[in-house]
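Chain by chain, the residues:
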Amino acid sequence: MSQTFAPREEFRAQAVAREQLYRDAQADRLGFWAQQARELLTWEREFTEILNWENAPVASWFGDGQLNACYNAVDRHVAAGNGDRIALYFEAEDGTSEEYSYARMQTEVSQIANTLASLGVRTGDRVAIYLPMGPIAVQTMLACARIGATHSVVFGGFSAEALHSRITDAGARVVVTSDGQFRNGKALPLKRAVDEALAHGDTPVDHVLVYQRTGMEVQWDEERDVWWHDVVPQASTSHTPAFVPAEHPLFILYTSGTTGKPKGVVHTTGGYLTQAAFTHKNVFDLHPESDVYWCTADVGWITGHSYVTYGPMVNGATQVIYEGTPSTPHKGRWWEIIEKYGVTIFYTAPTAIRTCMKWGEEIPAKYDLSSLRVLGSVGEPINPEAWLWFHRVIGAERCPIVDTWWQTETGAILISPLPGITATKPGSAQRALPGVSLAIYDNLGDEITNEDPGLLVITEPWPSMLRGIWGDSNRFKETYWSRFPGQYFAGDGAKYDEDGDIWLLGRVDDVMNVSGHRLSTAEIESVLVEHDDVAEAAVVGAKDDTTGQAVVAFVILREGADGDRDALVDELREMVRHDIGPIAKPRDILIVPELPKTRSGKIMRRLLRDLAEHRDIGDVTTLADSSVMELIKGIDAR
Ligand code: PRX
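Residues numbered from 1 in each chain as written. Predicted model: local features only at pLDDT ≥ 70, side-chain atom pairs only at ≥ 80, totals over all residues. Heavy atoms only, no water.

Draft legend 1. Region of the structure containing the site of the ligand. Lining the immediate surroundings of the ligand are 17 residues, of which Thr-404, Thr-408, Asp-492, Arg-507 and Arg-518 lie closest. The separation between an oxygen atom of the ligand and a polar side-chain atom of Asn-513 is 3.4 Å. Broken down by class, the residue content of the shell around the ligand amounts to six nonpolar, six polar and five charged. (Near = heavy atom within 4 Å. Polar contact = N/O pair within 3.5 Å; in protein donor to acceptor, adjacent residues only side chain to side chain. Nonpolar A, V, L, I, M, F, W, Y, C, P; charged D, E, K, R; others polar.)

Take a look at the structure:
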């Protein structure tokens, strides 16, 4: 029997209403979502149709309605008399801070929208955003939404090559970037990567709008580049939002899949905003008039889209955004920020919790964390040890922890406890939220109802589901809808426990999860084999105490490649950094004489994972040549 923590008294009042949500959704799922869409959003034109699934697996939710995402996130709060409420407290890495009220957001987002329009951006165009975490990034996303342009945010840690492929795939007309960004107290370049990406000469980009963040020197293309400070502050502060159909694409966000090429996950407006706002309000027990919410995710990831830019702002919340790393300039930085702003809801990733655990509990003990009332975890399974530490050291055994399972593709949290209702349990994300229908299947597609492990599937469409992969409808169908026809295959293993609670068991495909970031084994392998000395490469995600998984690469050299091996390993790491970004750099690279393969030639990653995790090698009878494992076993990682 797992340890459980009972719901707390102070959540009792909401608990009754929340229990009702489960009952309402159970009784009439579509009616429930329609009610949420009407209550949580302001529609320019009311919808009459809830779900249209005729074109499955491409869903249409609230299809004949019209709305604007930015109007919902900003203007209507000002119109309701909440213009003075703080939308964002911005904490810069150097300790300076700035407040952004909803009224200020409206003015500045309008100026950015007018600027983008003057650079030729029209409703339906794509805009790439390559900015550091901060208010400018949030405002730029909202400004795109305001004119009905589809944004594609590329995380500032991705390389020029990764940026280039995302810009061309999306067909972006404008890139918004900054000269550089602060990381660990250092100014690192960003615009340089944009210059490099556009130097390929095959992108449809006409203009680059450049925000000055660090003051570092940049190269300049007079025809193409525009300084933010030359145009945005001068632009008109009034702008009429473009009301778009509910199914208008709000954004594209690239994520790693099982093949080499990242997928442009497409989210649309009405359904996405409904579910982002619904989950943000209920999973975190949000009281917008009194809570101070802080999600540590960067807007380069889906968590930053749904739980920094859209969910909280649609709900009129007050939130903190922080530019830097948790250890700059000291290891108590996060807890100092919680104390400074009186943060009440704190949402972060297990990998960060584990890092803080390593630093020692005496660090958070120095700060007053008594304002906290709800804690959240996202991005990877949270091990019970980290859960218990988070609960005891940060939450003083007072704050419920919501372990939220979801994906870039799902758009919003689908599995999570609700504070005050569910007795929380370290390591389990517990149950499907109201309005979400899921099941666990075995390999043959039969539903598992006992405690055997199986594959997680979502059995009914949900409002914030992805609508496709940009420019690749076949891949959309293949990846998610072909494993179990008509059902969404999430790619995660899962099982129920004796109480019927769900435990997520990690990916079942060739996707790795490093520090909560999704990486594809195939994408890294295809970089490694570009090196002249490399004949073959296999990458696995091996268990890592801090980052959850770490990238471990096995490499076979071409005949005649007899140069310095340490130098080669350095070169390979650098290639991965250059082509994808620092997050994808292998922790270990092993140069091996052979790779274990089945008789049909498929690399047996399970065995490589065993090796990388220093486990005994299991059954090798399906190997074409079982002596291969003996050859590899003794080889040290570099
Ligand atoms: O394997 C699951 C894991 O992260 C994957 C989704 O990654 P991404 O699209 O980058 O989105 C991350 C933020 C939502 C999932 O397929 N994952 C996410 N949250 C959890 C999780 N695994 C276990 N427990 C979670 N709470």
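Draft legend 2. Layout of the nonpolar core. Of all hydrophobic cores here, the largest spans 116 residues; its most connected members are Leu-116, Leu-142, Phe-284 and Tyr-310. At nine residues, helix α5 (residues 135–147) tops the list of elements feeding residues into this core. In this structure, Leu-190, Val-210, Val-527 and Leu-528 belong to the second largest nonpolar core, which totals 44 residues. (Core = buried A, V, L, I, M, F, W, Y, C linked by side-chain atoms within 4.5 Å. Buried < 20%, exposed > 50% of the residue type's maximum accessible area, 1.4 Å probe, protein only. Helix = DSSP H or I, 4+ residues; strand = E, 2+ residues; numbered from the N terminus.)

Draft legend 3. α5, seen in detail. Its 13 residues give α5 an end-to-end C-alpha distance of 19 Å, which sits within 8% of 18 Å, the value for a rise of 1.5 Å per residue. In terms of burial, α5 is a largely internal element, 13 of the 13 residues being buried. One or two positions beyond α5, positive phi appears at Gly-148, with a value near 75°. (Expected span 1.5 Å × (residues − 1).)

Draft legend 4. Structural context of the packing of aromatic side chains. Per the stated rule, a full pass over the model turns up 38 aromatic pairs. Judged by centre distance (4.7 Å) and plane angle (65°), the ring pair of Phe-284 and Tyr-347 falls under edge-to-face. Separated by 63 residues along the polypeptide, Phe-284 in the loop between α9 (270–283) and β16 (292–295) and Tyr-347 in strand β18 (residues 345–348) bring together distant segments of the chain. For the pair shown, Phe-284 and Tyr-347 are each scored as buried. (Phe/Tyr/Trp six-rings, centres within 6.5 Å; stacked < 30°, edge-to-face > 60°.)

Draft legend 5. Structural context of the sheet that holds strand β6 (residues 126–130). Pairing in this open sheet of eight strands is mixed, and the strands run β12-β11-β8-β6-β7-β14-β15-β23 from one edge to the other. What marks the edges here is a single partner per strand, and that holds for β12 (225–227) and β23 (468–469). Pairing between β6 and strand β7 (residues 150–153): four bridges, direction parallel. Note that in β7 the partner of Val-127 across the bridge is His-151. The strands touched by α5 are β6, β7, β8 (172–178), β11 (207–211) and β14 (249–255); relative to β6, the strand with the most contacts, the crossing angle is about 175°. (Pairing = 2+ DSSP bridges. Contact = heavy atoms within 4.5 Å. Axes fitted to C-alpha atoms, helices over the stretch in contact; angles between N-to-C directions.)

Draft legend 6. Quick peek at the side chain of Asp-544. By the element assignment, Asp-544 lies in strand β28 (residues 534–544). Classification of Asp-544 as buried rests on a relative accessible area of 17%. When near neighbours in sequence (up to four residues on either side) are disregarded, Asp-544 contacts Gln-549, Ala-550 and Arg-587.

Draft legend 7. Inspection of the packing of α5 against helix α10 (residues 302–314) at higher detail. For the pair α5 and α10, the least separation of the axes is 11 Å and the interaxial angle reads 60°. If you check the angle between α5 and α10, you find them oblique. You can see that α5 and α10 cross each other, and the crossing is right-handed. Side by side, α5 and α10 meet where Val-138, Met-141, Leu-142 and Ala-145 of the first sit next to His-305, Val-308, Thr-309, Tyr-310 and Met-313 of the second. Grouping the constituent residues of the contact of α5 with α10 by class yields seven nonpolar, two polar and no charged. (Parallel < 35°, antiparallel > 145°, perpendicular 65-115°, else oblique. Left-handed = near helix turned anticlockwise from the far one by under 90°.)

Draft legend 8. Expanded view of the packing of helix α6 (residues 160–170) against helix α7 (residues 191–198). Two elements in contact, α6 and α7, have axes whose closest approach is 8 Å; the angle formed by their N-to-C orientations is 55°. When the axes of α6 and α7 are compared, the pair comes out oblique. For the crossing formed where α6 meets α7, the hand is right-handed. Packed against α6, whose contacting residues are Ala-160, Leu-163, His-164 and Ile-167, the element α7 presents Ala-193, Val-194, Glu-196, Ala-197 and Leu-198 at the interface.

Draft legend 9. Seen up close, the pairing of β6. Counting buried residues along β6, four of its five residues qualify, which places the element largely inside the surrounding structure. With respect to chirality, the unit in which β6 leads through α5 into the neighbouring parallel β7 is right-handed. The sheet contact formed by β6 and β8 spans five bridges and is parallel. Looking at the pairing, Val-127 lines up with Val-174 of β8. (Right-handed = clockwise from strand over helix to strand, strands pointing away.)

Draft legend 10. Layout of the pattern of salt bridges. Under the criterion given, the structure shown has 36 salt bridges. Taking the shortest distance from any N to any O, the salt bridge between Asp-206 and Arg-173 comes out at 3.0 Å. You can see Asp-206 sitting in the loop between α7 and β11 and its partner Arg-173 sitting in strand β8, a full 33 residues away along the chain. Look at Asp-206 and you get partly exposed, because its relative accessible area is 35%. The partly exposed category is assigned to Arg-173, whose relative accessible area is 29%. Close ionic contact of Lys-425 with Asp-499 constitutes a salt bridge, the shortest N to O distance being 2.6 Å. With a gap of 74 residues between them, Lys-425 in the loop between β20 (401–404) and β21 (438–441) and Asp-499 in the loop between β24 (488–496) and β25 (502–507) connect regions that are remote in the sequence. (Salt bridge = Lys/Arg side-chain N within 4 Å of Asp/Glu carboxyl O.)

Structural measurements only, silent on function.
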